[in-house]
Amino acid sequence: KIAEDIAETKVKTEEYAAKKAPTYPPFNIFSLGDALGKRNKKELWILYQEALKQGLSSEEICNTLFWTVKNLALIKNSKPGSDMGMSEFVAKKSRGFAENYTAEEIKNLSHSLVTIYHEAHRGGESMDIALEKFILTL
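Quick caveat, the model's predicted, so the values are computed rather than measured. (Residues numbered from 1 in each chain as written. Predicted model: local features only at pLDDT ≥ 70, side-chain atom pairs only at ≥ 80, totals over all residues. Heavy atoms only, no water.)

**Quick notes on the packing of aromatic side chains**
Logical step 1: Enumeration according to the criterion identifies one aromatic pair in this entry.
Logical step 2: Between Phe 30 and Trp 67, the ring centres sit 5.4 Å apart and the planes meet at 65°, which makes this aromatic pair edge-to-face. Remark: Trp 67 occurs in helix H4 (residues 58-76) and Phe 30 occurs in helix H2 (residues 30-37); sequence separation between them is 37 residues. (Phe/Tyr/Trp six-rings, centres within 6.5 Å; stacked < 30°, edge-to-face > 60°. Helix = DSSP H or I, 4+ residues; strand = E, 2+ residues; numbered from the N terminus.)

Structural data, given as structure tokens:
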């Protein structure tokens, strides 16, 4: 009915199709953990900004960074060759990353991330800001 009404008015019509969805791969949140493990502050900060731009929540990011630190702590204190119940891939990657940190530094990273998480949920500093400060002080 509407198409007929438009045709009767003799108005020139044009059809616009929706743009194609972007074909780039979705953001890999584990790249944040890799940058932290490599102790690469610049890469981690850039990836953090990209993650926020892609719509990841600061809580997801914080949890991923904590997961990385937890793996570093497990591997740092394990016997050589032990995978501590992790997949072989994650254990191997974590073992390499653990060489970039002392046990005390890993403990401090863990403490910082736990504090960031809980302070944000108790109404303290925004998790976005606290994570950015954490990253820039590595």
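**Quick notes on the side chain of Thr 64**
Logical step 1: Counting through the fold element by element, Thr 64 comes out in helix H4.
Logical step 2: Residue Thr 64 is classed as buried on the basis of its relative accessible area of 9%.
Logical step 3: Non-local contacts of Thr 64, meaning those with residues more than four positions away in its chain, are made with Ile 29 and Phe 30. (Buried < 20%, exposed > 50% of the residue type's maximum accessible area, 1.4 Å probe, protein only. Contact = heavy atoms within 4.5 Å.)

**Structural notes on the side chain of Thr 68**
Logical step 1: On the secondary structure map, Thr 68 appears in helix H4.
Logical step 2: Apart from residues no more than four positions distant in its own chain, Thr 68 is found in contact with Gly 33, Leu 36 and Gly 37.

**Quick look at the pattern of salt bridges**
Logical step 1: Taken as a whole and judged by the stated rule, the model has six salt bridges.
Logical step 2: For Lys 93, the salt bridge is made with Asp 34, and the minimal N-O distance between the two is 3.0 Å. One end of the pair, Lys 93, is in helix H5 (residues 88-98); the other, Asp 34, is in helix H2, and 59 residues separate them in sequence.
Logical step 3: Take Lys 93: its relative accessible area is 28%, and that puts it in the partly exposed class.
Logical step 4: For the salt bridge of Lys 133 with Glu 125, the shortest nitrogen-to-oxygen distance reads 2.6 Å.
Logical step 5: Look at Lys 133 and you get partly exposed, because its relative accessible area is 46%. (Salt bridge = Lys/Arg side-chain N within 4 Å of Asp/Glu carboxyl O.)

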